[in-house]
Amino acid sequence: MRQTIDAAAFQQMVIHAAAAIRAEKQRINDLNVFPVPDGDTGTNMSLSIGAAAAEMKKQSFDTVGKAAQATASALLRGARGNSGVILSLLFRGFAKAIKERETMDGRDLAIALDFGVAAAYKAVMKPAEGTILTVSRLAAARAAGAAREDNCFEAVLEAAIQEGQLALADTVNQNPVLKKAGVVDAGGAGFLLILQGMLNEVRGEEMPADEEPAQAEKADFGAIPAEDITFAFDTVFIVRKPSPNVNLEPFRTYLNGIGDSLVIGEDDETFKVHVHTDIPGAALTESQKYGTLELAKIENMRSQADALAAGQTAQSTDDLEAIEEELESGESGHKVAAPEKAVGFLAICAGDGLAAVFRDLGCDAVVSGGQTMNPSTESILAGIDQVPAETVFVLPNNGNIIMAAQQCQGLTEKNVVVIPSKTVPQGITAMMN
């Protein structure tokens with residue numbers, strides 16, 4: 001067994017870990033129901049550790065401490081979603097523990113894992129059991145015991161993973177959301193994949209290809225209704241600090257007052273925020289009191305949950321580039337109807353019967369959609385462009401569809417006015433008036 005590792009070995013371990021979770025990211029996505037069922041934990045963790053792997057490929061380091069510091073820094077900047085930010089915090093604490101080390105043995109590893117757990121728990125506003133936090137904590141505790149028995153890097157990492165697997169299996173009993181969906185925690189599973197990838201590198205095993213393995217376990221996304229999601233928008237952003245000693249506690253208190261699932265990771269130059277909130281704009285505006293906003297990502301988790309419950313793929317900001325290219329190339333699959341009148345109407349509803357009602361009331365076009373089957377912005381845009389009018393009034397008829405409809409404003413040459421109807425009766429009343 002390998003007693004110690006150096007910087008070069010650590011760099012290859014990070015690269016191998018990124019490949020390991022990338023190969024199984026969809027399996028992790030299929031477990032993702034907590035804290036919200038948006039099916040992106042595998043993708044987020046893969047992209048997060050992938051940023052660190054890319055950094056490890058760029059340069060070499062003369063000590064394991066410097067390699068770990070570079071890994072933590074790249075992870076923080078590349079972290080996506082709640083799971084990605086927590087992963088970056090685990091590595092941030094890990095890196096602090098071995099900052100001055102040239103090589104790392106089993107005892108160093110155990111201390112580093114413990115530091116990582118402490119950093120993650122400190123940054124998470126309301127730690128929940130049955131999550132990646134639980135798995136990492138119990139794995140670190142076993143590593144400490146293993147290091148006392150045998151100060152061997154490989155043996156300690158193996159023991160930590162074995163204990164982590166036991167902890168992961170028990171998450172379904174600790175978290176009622178996981179129990180309802182019949183799965184273990186996605187973040188914990190992703191974390192163990194990363195540790196296993198690192199161990200496999202130490203053992204000299206071949207790096208996995210990108211092909212997805214057969215799926216063994218998948219969450220019942222339909223068991224977790226979108227209405228159970230307290231706050232709609234998954235909001236992640238990076239702010240550059242004006243100085244290393246910025247006090248973020250007032251900002252942490254503010255964010256906790258407007259949302260949940262709050263995690264803040266930081267280094268000397270930047271801090272990264274993950275929060276679920278209904279007012280992402282307010283969070284971004286407040287952040288500018290503490291530095292310069294650099295990057296932001298906002299996704300509607302209720303729409304993602306609805307798509308997953310309907311057996312569809314949850315759309316995310318990662319799809320934006322392809323959507324923009326499609327819109328710019330004019331290949332979106334629909335033509336724009338020439339205006340034959342000043343004003344037209346588009347309604348969104350489910351079923352032929354309701355569609356007939358809206359057409360009888362004067363709607364020029366109807367897009368199919370409603371609760372648990374929210375249409376995409378592209379689908380609504382296609383409906384708008386079918387209406388032969390200069391100005392098109394859109395009736396979403398569902399609170400989860402209003403924002404998607406509003407995104408069509410500016411994407412077509414027509415003037416789009418969204419009437420914020422939240423129910424079909426409200427839409428019918430609007431048409432009658």
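Here the structure is a predicted model, which means the values were calculated and not measured. (Residues numbered from 1 in each chain as written. Predicted model: local features only at pLDDT ≥ 70, side-chain atom pairs only at ≥ 80, totals over all residues. Heavy atoms only, no water.)

> So what's going on with empty space enclosed by the protein? Which residues, and what values?
Enumeration according to the criterion identifies 1 cavity of 30 Å³ or more in this entry. Counted as a void, the largest cavity has a volume near 140 Å³. Along the walls of the largest cavity sit 16 residues, with Leu 90, Phe 94, Leu 113, Phe 191 and Leu 195 positioned nearest its centre. Taken together, the elements giving at least two residues each to the lining of the largest cavity come down to α5 (81–97), α6 (106–123), α7 (132–149) and α10 (186–202). The biggest single contributor to the lining of the largest cavity is α6, with 5 residues. Of the residues contributing to the lining of the largest cavity, the split by class is 14 nonpolar, 2 polar and no charged. (1 Å grid on protein atoms, 1.4 Å probe; cavity = no way out; pocket = protein on both sides within 12 Å on 5 of 7 lines; lining within 4 Å. Points joined across faces, edges and corners; volume = space filled by probe spheres on them. Helix = DSSP H or I, 4+ residues; strand = E, 2+ residues; numbered from the N terminus. Nonpolar A, V, L, I, M, F, W, Y, C, P; charged D, E, K, R; others polar.)

> An account of the sheet that holds strand β4 (residues 292–300) is needed here, citing residue identities and associated values.
Within the open sheet, the 4 strands sit side by side as β2-β3-β1-β4. Their pairing is antiparallel. Every other strand in the sheet has two partners, leaving β2 (259–266) and β4 as the edge strands with one partner each. For this sheet, the mean angle separating the axes of adjacent strands, direction not counted, is 10°. Relative to strand β3 (residues 270–277), strand β1 (residues 233–240) is paired through 8 bridges, and the arrangement is antiparallel. Its bridge partner lying in β3, Arg 240 is registered against Thr 270. Where helix α12 (residues 280–287) meets the sheet, it contacts β1, β3 and β4, and its direction lies at approximately 10° from that of β1. (Pairing = 2+ DSSP bridges. Axes fitted to C-alpha atoms, helices over the stretch in contact; angles between N-to-C directions. Contact = heavy atoms within 4.5 Å.)

> Pulling in residues and values, what's your account of the sheet that holds strand β8 (residues 415–418)?
Pairing is parallel in the open sheet, where 4 strands are placed in the order β6-β5-β7-β8. The open sheet has two edge strands with one neighbour each: β6 (365–368) and β8. Direction aside, neighbouring strands of the sheet carry axes that sit 25° apart on average. Bridge count for strand β7 (residues 389–395) against β8 is 4 bridges, and the pairing is parallel. Across the sheet, residue Thr 391 finds its bridge partner in β8, namely Asn 415. On top of the sheet, helix α15 (residues 352–360) reaches β5 (341–349), β6 and β7; it is set at about 160° to β5, its chief contact.

> Talk me through the nonpolar core; I want residue IDs and the actual numbers.
By size, the foremost hydrophobic cluster in this structure holds 75 residues, and its most contacted members are Phe 10 and Ile 49. Ranked by residues supplied to this core, first place goes to α10 with 10 residues. Residues in contact with Phe 10, not counting those within four places in the same chain, are Ile 5, Val 64, Ala 67, Ala 68, Thr 71, Phe 94, Met 104 and Met 198. One finds Leu 346, Ala 404, Cys 408 and Val 416 within the second-largest nonpolar core, a separate group that totals 18 residues. (Core = buried A, V, L, I, M, F, W, Y, C linked by side-chain atoms within 4.5 Å. Buried < 20%, exposed > 50% of the residue type's maximum accessible area, 1.4 Å probe, protein only.)

> Account for α12, with residues named and values stated.
Residues of α12 that are buried: Pro 280, Ala 283, Leu 284, Glu 286 and Ser 287. Along the long axis of α12, the arc covered by the buried residues comes to 165°, so they all point the same way. Its buried side turned inward, α12 meets β1, α11 (249–258), β3 and β4. (Arc of directions from axis to C-beta.)

> Describe a nonpolar patch on the surface, listing the residues and the values that go with them.
Nonpolar side chains collect at one region of the surface, where Val 357, Leu 361 and Met 432 lie side by side and expose about 260 Å² of accessible area between them. You can see Val 357 is positioned in helix α15. (Patch = residues over 30% accessible without salt bridge, like charges linked within 9 Å, V, L, I, M, F, W, Y side chains within 5 Å. Areas by Shrake-Rupley, 256 points an atom, 1.4 Å probe, with all protein chains shown as cover. Salt bridge = Lys/Arg side-chain N within 4 Å of Asp/Glu carboxyl O.)

> Which residues make up the environment of Ile 258, and what values do they have?
Mapped onto the elements of the fold, Ile 258 is located in helix α11. Here Ile 258 falls in the buried class, since its relative accessible area comes to 16%. Distance in space between the C-alpha atoms of Ile 258 and Ala 283 is 8.2 Å, their sequence separation being 25 residues. Other than its neighbours up to four places away in sequence, Ile 258 contacts Phe 231, His 276, Thr 277, Asp 278, Ile 279 and Ala 283.

> Pulling in residues and values, what's your account of the state of the cysteines?
Scanning all chains against the criterion turns up 0 disulfides. With no disulfide partner, Cys 363 has as its closest neighbouring cysteine sulfur the one in Cys 349, 8.0 Å distant. (Disulfide = S-S within 2.5 Å.)

> How would you summarise the pattern of salt bridges if you had to cite specific residues and measurements?
Enumeration according to the criterion identifies 16 salt bridges in this entry. For Asp 364, the salt bridge identified is with Lys 341, shortest N-O distance 2.4 Å. Of the two residues, Asp 364 is situated in the loop between α15 and β6 and Lys 341 in strand β5; the sequence distance between them amounts to 23 residues. Overall, the relative accessible area of 28% leaves Asp 364 in the partly exposed class. Residue class for Lys 341 comes out partly exposed when judged on its relative accessible area of 35%. Overlapping salt bridges, with partners in common, bring together Arg 77, Arg 240, Asp 267, Glu 269 and Glu 294 in one network.

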